[in-house]
Amino acid sequence: MEDQGIVHLYVQRSQQALIETKNKYGAYCKAIVRNILSNYSDIEECENDTYLAVWNAIPPNMPRKFSIFLGRIARNIALDKYGYNTAKKRNCEFNVILTELEGCLASPHTVETEYEAGEVASIINQFLYTVDEQARNLFIRRYWYSDSIESISIRFHMSSSKVKSSLFRTRNKLRAYLQKEGVNL
Amino acid sequence: MKSEDLYREIGLIDESLIEAAGNSGLKARKKRISKKVVILVACLALYSSTATALLATDYIQNQNQNQEPYIRYLTAESMELQPVTHYDAEKFLKALKSDNNEYIYIAINRLVESFNDQNTREKAIKEMKPFLESNNEKIADAAAFAIDILSKTYESPYIVKLADGSMIFTLFNNYSDYGSQNVIWRIKDNALKPLISFSAPSMYITKIIPSPDQKLIAIVTCSNKSEFVQIYNVEERMISPELVESARVKYGAQQEIDTWIRTDHENYSGGINHIVWSDNDTLEFEGSLAYDDTAIIESVMVTYQFSKKVLEVNELNEVR
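The shown structure was predicted, so the numbers you read here are calculated from the model rather than taken from an experiment. By convention here, each chain's residues receive numbers from 1 onward along its written sequence. As they are written, the chains are lettered A onward and the ligands numbered 1 onward, keeping that order. For this predicted model, a pLDDT threshold of at least 70 governs which residues receive local features, and a threshold of 80 or more governs which side-chain atom pairs are given and counted, while totals over whole chains, interfaces and linings are taken from all residues. Based on all heavy atoms of the structure, the side-chain values leave hydrogens and waters out of the count.

Asker: Is there a simple way to think about the overall build of chain A in this case?
Answerer: The way it works is that DSSP assigns letters per residue, a run of H or I at least four long becomes a helix, a run of E at least two long becomes a strand, and they are numbered from the N terminus. Scanning chain A from terminus to terminus reveals 9 helices and 0 strands. Scanning chain A from its N terminus toward the C terminus, one meets helices and strands in the order α-α-α-α-α-α-α-α-α. Going through the 185 residues of chain A one by one, you find that 48% of them count as buried. A sequence separation of at least 24 residues applies to 66% of the contacts in chain A between residues at least 6 apart. For chain A, the exposed area adds up to about 9,300 Å²; of that, 51% sits on carbon and sulfur atoms. With a 1.4 Å probe rolled over the protein chains alone, any residue whose accessible area is under 20% of its type maximum counts as buried; one over 50% counts as exposed, and the rest are partly exposed. The criterion used for residue contact is that any of the two residues' heavy atoms lie within 4.5 Å. Accessible areas in this description were obtained via Shrake-Rupley with a 1.4 Å probe; residue shielding takes into account the shown protein chains only.

Set out below in structure tokens:
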């Protein structure tokens, strides 16, 4: 079923919407959540919570790209769950991703500024348009889809070290860009 | 800001960037796999003894098993694996010879789906003709209807003719006390296709009422607890909200009655009576709306203007 049709089912409050979403995007949601969480029951729970959140969000929201809308929700729910989990239950691979991102943050001695949700995102967005396509796609695969270095290297037919060094350079550029824009994170 | 917060902010970047990254890098991966296979095949050619070939095949199989599967989009067909079950008219033709009336009734109705295949259609008509004389009224009616469709005479009262020359109908007409099969079929340009079916709790189609200009249809569906009404513009593929539940919510708000919505979407409302088109665009019907687990039943007149999406709900006594 086309995405538009699925959204229409949500608007109609038809429970078929949930079945169609699971059929079409169940594996996609699971893949996003699995990259953040490692516990199987947590993954299942997050997937179901995602469908419920979409059910509650449409209407009034009318997503333009349903898959991205769904992915964003799955990602946020998984991240909440990750924060809630104890250190033992955390996903080591995702820990690495967060540690990498720490490199983009200012040093602990800098005074942080409070930002509205989405404010920093729009600056990151501007930044991503300034980097070349390959580096941008690698960055998004790593920090939006939370793909492992290995799967990125297979996907882009690159060696792991090349992927790592590209990500490292992009993170450094992002840090410099944020500083230039006066963002103190 | 923590790295979790930064990760969350990255979640809000442009959809087009995320989509582009989602589709990126795959072609290169495919190329790499094919190169591997070519090299492997070349090696096999060099050592072309039977034993080596067998070992190599085993190796390829192991490689495939260890490779992480990449499925871009799981379709219903791909999940079926092989062989996919297709409509099998022969099975239903054979069932006509059964001594089980239920089988015969199902086979007659399912054989209508052979409409698009001329040979099977002619064969089905021939095989079904004896059932016109059946003592079982349901089977005789089903055969008359199926033959009417397959022989393209289209005289059955179950057929609804639309302004664009197409025709719609249900199969298994009134098979239960509640109604007909939950699928509307359409013949357009001499081809039969399923048009629409309704999700739970709508289990049966009870009525299809065309507007005077035959451009819209009002469809009444039901479960064994509730009734539902929707208006469908077949040509433009637009459908109204479900009118009984919409009326229940609206009337509940007007009268300040607590209106809870059940998770199974059964509203225990219905009693649809006097359903008529007052003009080409406006449908009217009487209904009973249930509140507080049927402790309160309100008789109302519902009017819905399709093009303007205007719903009016009034107490029936006031209207009279």
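This is not the end of the story, as more comes after the structure.
Asker: Please explain the packing of helix α6 (residues 119-130) of chain A against helix α9 (residues 160-180) of chain A as it appears in this structure.
Answerer: Each packed pair of helices is defined by two parameters, the angle between the axes and the distance between the axes. Residues and elements named next belong to chain A. Between α6 and α9, the shortest axis-to-axis distance is 10 Å and the interhelical angle comes to 125°. By the angle between their axes, α6 is oblique relative to α9. When the axes of α6 and α9 are compared, the crossing they make is right-handed. Residue-level contacts link V120, I123, I124, Q126, F127 and T130 of α6 to T170, K173, L174, Y177 and L178 of α9. Classifying every residue of the contact of α6 with α9 gives 7 nonpolar, 3 polar and 1 charged. Here an angle of 0 to 180 degrees is reported between the N-to-C directions of two axes, which are lines fitted to C-alpha atoms, with helices fitted over the stretch in contact. With respect to orientation, any angle under 35 degrees is reported as roughly parallel, any angle over 145 as roughly antiparallel, any angle of 65 to 115 as roughly perpendicular, and every other angle as oblique. Left-handed is the label given to a crossing in which the near helix is rotated counterclockwise from the far helix by less than a right angle, and right-handed is the label when the rotation is clockwise. For this classification, Asp, Glu, Lys and Arg are treated as charged, while Ala, Val, Leu, Ile, Met, Phe, Trp, Tyr, Cys and Pro are nonpolar and the rest, including Gly, are polar.

Asker: Looking at this structure, I do not really get the interface of chain B and chain A. What am I missing?
Answerer: As a measure of interface size, the accessible area lost when the parts come together is often cited. Each partner contributes to the interface: chain B provides 38 residues, whereas chain A provides 52 residues. In the sections that follow, a salt bridge refers to a side-chain nitrogen of Lys or Arg positioned within 4 Å of a carboxyl oxygen of Asp or Glu. In this structure, the salt-bridge partner of D80 of chain A is R8 of chain B, at a minimum N-O distance of 2.8 Å. By the criterion applied in these results, polar contacts are pairs of N or O atoms within 3.5 Å in which, for protein atoms, one can donate a hydrogen and the other can accept it, and in which residues neighboring in sequence qualify only through two side-chain atoms. Between the two partners, chain B and chain A, sit 18 residue pairs in polar contact (both at pLDDT 80 or more). For the side of chain B that touches chain A, the secondary-structure elements that each account for two or more residues are α1 (3-10), α2 (15-23) and α3 (26-46) of chain B.

Asker: Quick question: what am I supposed to make of the confidence of the model for chain A here?
Answerer: In low-pLDDT regions, the fine details of the predicted coordinates are not to be read closely. Summing up the model confidence of chain A, the mean pLDDT is 85 and the portion of residues at 70 or higher is 90%. Confidence scores here are pLDDT values: one per residue, from the predictor, ranging 0 to 100. Averaged pLDDT values over the elements of chain A bottom out at 85 in helix α5 (residues 92-102) of chain A and peak at 92 in helix α7 (residues 133-143) of chain A.

Asker: Help me out: how do you make sense of the sheet that holds strand β12 (residues 310-315) of chain B in this one?
Answerer: Remark on secondary structure: sheet strands pair via backbone hydrogen bonds, oriented parallel or antiparallel. All names here are of chain B. Two strands qualify as a pair provided that DSSP identifies no fewer than 2 bridges between them. Reading across from one edge, β9-β10-β11-β12 is the order of the 4 strands in this open sheet, with antiparallel pairing throughout. One side of each edge strand has no neighbouring strand; the edge strands of this open sheet are β9 (270-277) and β12. Each strand of the sheet is rotated relative to its neighbour by a mean of 20°, with strand direction disregarded. Two strands pair when backbone bridges link them, and strand β11 (residues 296-305) and β12 are joined in this way by 6 bridges, in the antiparallel orientation. Following the sheet pairing, T303 is matched in β12 by E312. Packed onto the sheet, helix α10 (residues 243-255) meets β9, β10 (282-291), β11 and β12 and runs at close to 65° relative to β10.

Asker: I'm lost on unusual backbone geometry in this one. Help?
Answerer: Apart from glycine, the bulk of residues carry a negative phi angle, and the bulk of peptide bonds sit in the trans form. The residue after I58 of chain A, namely P59 of chain A, is reached through a cis peptide bond having omega -20°. Relative to the helices and strands, P59 of chain A is located in the loop between α3 (40-57) and α4 (66-84). Geometrically, the link from P59 of chain A to P60 of chain A is a cis peptide bond, its omega value of 10° lying close to zero. Looking at the element boundaries, P60 of chain A is found in the loop between α3 and α4. Of note in this structure, D293 of chain B is not a glycine but carries a positive phi near 50°. Mapped onto the elements, D293 of chain B comes out in the loop between β10 and β11. Under the relative-accessibility criterion, D293 of chain B is labelled exposed at 65%. Phi at T294 of chain B is positive, roughly 70°, even though this residue is not glycine. Following the sequence through the fold, T294 of chain B ends up in the loop between β10 and β11. Owing to a relative accessible area of 39%, T294 of chain B belongs among the partly exposed residues under this scheme.

Asker: Mind showing me how you'd approach the nonpolar core here?
Answerer: In globular proteins that are soluble, nonpolar side chains generally tend to be buried together. What makes a nonpolar core is a set of buried Ala, Val, Leu, Ile, Met, Phe, Trp, Tyr and Cys residues whose side-chain atoms join them at distances within 4.5 Å. By size, the foremost hydrophobic cluster in this structure holds 63 residues, and its most contacted members are F66 and W144 of chain A. It is α4 of chain A that provides the largest number of residues to this core, a total of 10 residues. In contact with W144 of chain A, other than residues within four places in its own chain, are Y28, I32, I68, G71, R72, R75 and F139 of chain A together with Y7, I10, G11, I13 and I18 of chain B. By size, the runner-up hydrophobic cluster in this structure holds 34 residues, among which are A107, L111, I147 and Y154 of chain B.

Asker: Is there a simple way to think about the side chain of N233 of chain B in this case?
Answerer: Residues and elements named next belong to chain B. Considering the arrangement of structural elements, one finds N233 in strand β7 (residues 227-233). When its relative accessible area of 12% is taken as the criterion, N233 is described as buried. Engagement of the side chain of N233 in a polar contact is seen with the backbone nitrogen of E236, the distance being 3.1 Å. Residue contacts for N233: discarding those within four places in its chain leaves K215, L216, M238 and F306.

Asker: Any chance you could explain the pairing of strand β5 (residues 204-210) of chain B here in plain terms?
Answerer: Residues and elements named next belong to chain B. The pairing of β5 with strand β6 (residues 216-222) spans 6 bridges and is antiparallel. By the bridge assignment for β6, I208 is matched with I219. Counted between consecutive antiparallel strands, the loop separating β5 from β6 contains 5 residues, among which Q214 sits at a positive phi close to 60°.

Asker: Can you walk me through the sheet that holds β7 of chain B in this structure?
Answerer: Residues and elements named next belong to chain B. Within the open sheet, the 4 strands sit side by side as β5-β6-β7-β8. Their pairing is antiparallel. The open sheet has two edge strands, β5 and β8 (238-239), and neither has a second partner. Of the strand pairs in this sheet, β6 and β7 are connected by 7 bridges, and their pairing is antiparallel. Paired with T221 across the strands is F228, a residue of β7.

Asker: How do you make sense of the environment of K138 of chain B when you look at a structure like this?
Answerer: All names here are of chain B. With respect to the helices and strands, K138 occurs in helix α9 (residues 137-150). Overall, K138 belongs to the partly exposed group, its relative accessible area being 40%. Along the sequence, K138 and N173 sit 35 residues apart, while their C-alpha atoms lie 9.2 Å from each other. For K138, the contacting residues outside a window of four places in its chain are Y105, N174 and Y175.

Asker: What exactly am I supposed to notice about the packing of helix α8 (residues 149-156) of chain A against α9 of chain A here?
Answerer: Residue and element names in this part refer to chain A. Between α8 and α9, whose axes approach to 9 Å, the crossing angle comes to 105°. In terms of their interaxial angle, α8 and α9 are classed as roughly perpendicular. Here I149, I152 and S153 of α8 come into contact with α9, specifically with S160, V163, K164 and L167. Its residues assigned to classes, the contact of α8 with α9 shows 4 nonpolar, 2 polar and 1 charged.

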